[in-house]
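# Structural characterization, general
Each chain, written out:
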Amino acid sequence: MSITELAKEPMVLTDPMLPTWFRVQSVRRETHDTFTLELAGPNDGGEFSFAPGQFNMLYAFGVGEVPISISGNPVTTDPLVHTIRAVGAVTRAMQKLKRGDLIGVRGPFGSAWPVMDAVGRDVVIVTGGIGLAPLRPAFYHILAHRNDYNRVVLLYGARTRDDILYRDELKQWRGELDLEVEVTVDSSVGRWRGNVGVVTKLIPRAGFDPENTTALICGPEVMMRFTIQDLLNRGVEKKNVYVSMERNMKCAVGFCGHCQFGSKFICRDGPVFRFSDIEDIFGIREL
Amino acid sequence: MSSCDTKRPSRVIDRNALDDLLGTLRSRGYTVIGPRICDQAIVYDEIQTTDDLPVGWTDEQDAGSYRLKKRGDDALFGYVLGPHSWKKYLFPSAQRLWQVTRDGEDISLSPEGGEEVNRAFIAVRACELHAMAIQAKVFIGSEFVDPTYHVRSKNAFTLAVNCGQAGKTCFCASMNTGPRVDGGFDLALTEVLDGARHEFLVEVGSEIGAEVLGTVDSREARLEDQHTVDDIVANTVAQMGRSVDTADIGDLLKRNHANAKWDEIAERCLSCANCTMVCPTCFCSTVEDVTDLSGNHAERWRRWDSCFTMDFSYIAGGQVRSSTKSRYRQWMTHKLGTWHDQFGASGCVGCGRCITWCPVAIDITEEVAAIRRTEVEDATEPLKRGA
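Residues numbered from 1 in each chain as written. Chains lettered and ligands numbered in written order. Predicted model: local features only at pLDDT ≥ 70, side-chain atom pairs only at ≥ 80, totals over all residues. Heavy atoms only, no water.

### A short note on the domain arrangement of chain A
Accessible area lost when the parts come together is the quantity often used to give the size of an interface. All names here are of chain A. To be explicit about the condition: Start and end points for every domain follow an automatic or database-based domain assignment. Here, residues are in contact when the closest pair of their heavy atoms is within 4.5 Å. Throughout, buried area stands for the accessible area (probe radius 1.4 Å) lost by two parts on being put together, summed over both. The term polar contact refers here to a pair of N or O atoms within 3.5 Å; inside protein, the definition further demands a hydrogen-donor-capable atom paired with an acceptor-capable atom, and it admits residues adjacent in sequence only when both atoms are side-chain atoms. Basically, the charged four are Asp, Glu, Lys and Arg, the nonpolar ten are Ala, Val, Leu, Ile, Met, Phe, Trp, Tyr, Cys and Pro, and anything else, Gly included, counts as polar.
Domain parsing of chain A yields domain 1 (20-109) and domain 2 (122-244). Inter-centroid distance (C-alpha atoms) of domain 1 to domain 2 is 24 Å. Contact with domain 1, which involves 19 residues of that partner, is made by 15 residues of domain 2. Note on domain 1 versus domain 2: buried area summed over both sides is about 1200 Å², and carbon and sulfur give 61% of it. Considering only the surface of domain 1 that becomes buried against domain 2, Thr31, Ser71 and Thr83 emerge as the three largest contributors, covering 29% of it. Where domain 1 touches domain 2, the interface holds three residue pairs in polar contact (both at pLDDT 80 or more). In the side of domain 1 that touches domain 2, the residues fall into seven nonpolar, 10 polar and two charged.

### Thoughts on the side chain of asparagine 259 of chain B
The condition that has to hold: Each helix is a run of H or I in the DSSP string that is no shorter than four residues. Each strand is a run of E no shorter than two, and both are numbered from the N terminus.
By secondary structure assignment, the location of asparagine 259 of chain B is in the loop between α8 (249-255) and α9 (261-268). Setting aside anything within four residues of it in sequence, one finds asparagine 259 of chain B in contact with Ile371, Thr374 and Glu375 of chain B.

### A few points about the interface of chain A and chain B
Put simply, the rule is: Salt-bridge detection follows one rule: a side-chain nitrogen of Lys or Arg within 4 Å of a carboxyl oxygen of Asp or Glu.
Contact residues are listed per partner, giving 56 residues for chain A and 69 residues for chain B. Taking both partners together, chain A and chain B bury about 5500 Å²; carbon and sulfur atoms supply 62% of that area. Between the two partners, chain A and chain B, sit two salt bridges. The closest approach of N and O atoms between glutamate 65 of chain A and arginine 300 of chain B, which form a salt bridge, is 2.6 Å. At six residues, the largest contribution of residues to the side of chain A that touches chain B is made by helix α1 (residues 3-8) of chain A.

### Focus on the state of the cysteines
Covalently bonding the sulfur atom of one cysteine to the sulfur atom of another cysteine gives a disulfide. The cut-off we apply is this: Throughout, disulfides are identified as pairs of cysteine sulfur atoms within 2.5 Å of each other. The buried label goes to any residue with under 20% of its type's maximum accessible area, the exposed label to any with over 50%, and the partly exposed label to all in between, with areas taken from a 1.4 Å probe on protein chains only.
Taken as a whole and judged by the stated rule, the model has zero disulfides over all chains. The structure places no disulfide on cysteine 256 of chain A, whose sulfur is separated from the nearest cysteine sulfur, that of cysteine 251 of chain A, by 3.9 Å. With a relative accessible area of 3%, cysteine 256 of chain A lands in the buried category. With no disulfide of its own, cysteine 354 of chain B lies 6.4 Å from the sulfur of cysteine 348 of chain B, the closest cysteine sulfur.

### Quick word on the packing of α9 of chain B against helix α11 (residues 324-343) of chain B
If you want to describe how two helices pack, look at the angle between their axes and the distance between the axes. Residue and element names in this part refer to chain B. So the rule is basically this: Every axis in this analysis is a line fitted to C-alpha atoms, fitted for helices over the stretch in contact. Angles between the N-to-C directions lie between 0 and 180 degrees. Here the angle decides the label: under 35 degrees means roughly parallel, over 145 means roughly antiparallel, 65 to 115 means roughly perpendicular, and every other value means oblique.
In contact at an axis separation of 8 Å, α9 and α11 are set at 110° when each is read in the N-to-C sense. Put simply, α9 runs roughly perpendicular to α11. Across from Trp262, Asp263, Ile265 and Ala266 in α9, the residues of α11 making contact are Thr324, Lys325, Tyr328, Arg329, Met332 and Thr333. For the contact of α9 with α11, a count of residues per class yields five nonpolar, two polar and three charged.

### Remarks on the sheet that holds strand β4 (residues 64-69) of chain A
All names here are of chain A. Selection criterion: One requirement defines pairing of two strands: DSSP has to find at least two bridges between them.
Pairing in this open sheet of six strands is antiparallel, and the strands run β4-β3-β6-β1-β2-β5 from one edge to the other. A single partner strand is all that each edge strand has here, and the edge strands are β4 and β5 (80-85). Each neighbouring strand pair of the sheet contributes to a mean axis angle of 40°, computed without reference to strand direction. Here strand β3 (residues 55-60) pairs with strand β6 (residues 102-109) via four bridges, running antiparallel. Along β6, the bridge assignment pairs leucine 58 with valine 105.

### Considerations on the domain arrangement of chain B
All names here are of chain B. According to the domain assignment, chain B contains domain 1 (11-239) and domain 2 (249-373). Of note, the centres of domain 1 and domain 2, computed from C-alpha atoms alone, are 25 Å apart. In this complex, domain 1 contributes 43 residues to the contact, which on the side of domain 2 involves 38 residues. Both sides together, the interface formed by domain 1 and domain 2 hides about 3500 Å², and carbon and sulfur atoms give 61% of it. On the domain 1 side of the interface with domain 2, the three residues burying the most area are Lys87, Ile134 and Phe171, jointly 16% of the side's total. Here domain 1 is connected to domain 2 by three salt bridges. The residue arginine 96 makes a salt bridge to glutamate 299 at a minimum N-O spacing of 3.2 Å.

As structure tokens, then:
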């Protein structure tokens, strides 16, 4: 099809690169380098609907824009919640935001955790570090529809005790009688008497039926690689394993090319992928 | 626009009529853009008359080499391709996306409306028509539409030209994108220079093309004129300097990600990004956010980017593709392989610009052949611990 033919097709011309302005309701410190922003939408109501696993592009005035997964409750979407690690110029600027400040939001973008496909099954969530943030909406969804799922397991690994994200919620979830929540730290310094070691160490003793399990994984790629291997070793099928991938992104809509991952665009085809769809390329270095 | 695509020249015009035709386009509000010589290269820029075209000039190209040369005749289109492509106009190298001003509690965002400049593109080659259609799929072919690209493309008038000669770096025939234009144009010319005869056989590709053609003197094409086009195009095909064996090419590259050839290419590749700048389909961009000194006025700009830069794949913790090897592999595998998965066609049209303008003469056709020659059976690594 020629360029003019394509251009003559009827299309909705809302510019996907234009942000909407949200107001900061609160900035909460989570750990020494992570914080959570609660944002109110332009119409005071929020009404920002998203699927667990999707992300937004957040813009700090004059500094820049970064992709950040949505970490709030998809069932009650007001306010819009993002947990962010301050690692670069843009995220450090966001760390300094105060209640009432404006922030640009584009989204939501990308694919979602398969919370509907997992109905009637065991759900095993394995996360590391800030990887818990993009999985929290899926966990909220499962909690809100607890009877739709069988066993629910959350395995979380942090670097140290002080890096544990959402500590109060983890304690609360761990207190529920129908949830299995385990936390481990890579290295124990000081007052920690819990699990020590990488998160994959928790997999062999977690209670789930591998043949009837949907696994949701988010963390550093090396952590995801070992987690997948251990889940497969226990008998979970590749097609029931899901991972959330991260790449550089400038647009989130397939224009900028930065998030190419083999034949996938992380922004449009991901960030959540069924492992069996990417297993051929998942382990390739520098792809 | 393909409704009256006859694939046959129906009319014949001379150079005066072609000048009249350019005049018609201008009087209809088009900015007329065509090839002209600047800094010893044929580039695309605004033109007024056929005198602005590279009359009597041709280009000699080879890997890492481009020279203009006198032809010894008055051919208007007797060259192949220069470093520019039409993406310069449809997807500008620097473009403001929006600006925003804040004043206390208020914030006002001004989108760029998209300039309503209608451009007539003169002397668009077959490979370039394909390149435009391929790039359009990126910006206006999915659920997300780039409105500025849409505005630029929807009113473009394309006057195509069948190539009367091929360069040493051309390989459109093997990519099935030329040298004969096969649609996606408003008018298509074939230049005939035979002794004293200097005419242009015209194919009509759209209603607006027919209208524009109708405003200038022309004569009906004869059967032998149609054969002339076939002969000229066949001659161009015979001159084609390079070729790519496209059989199974996507899978070939994907399963050869560990081929040692990539290391050899990386030893030569400067990672300079020239190939991506001259490529008519490369679409990667970055954004720049700037403010004025008050800090209350900010702008967001989009600029061409390249998968060859170190920053391109940066995420917290470092670059995904820190080696030159991985960046060249990404570019070539995407261009010839994964592009098919994403957009249903190759990202390469065989124009040869990346070969000509590579400062160290890396030749994509040769590298494909090298990968094919050295293919290792077990190049794919299954997922394994510690990989």
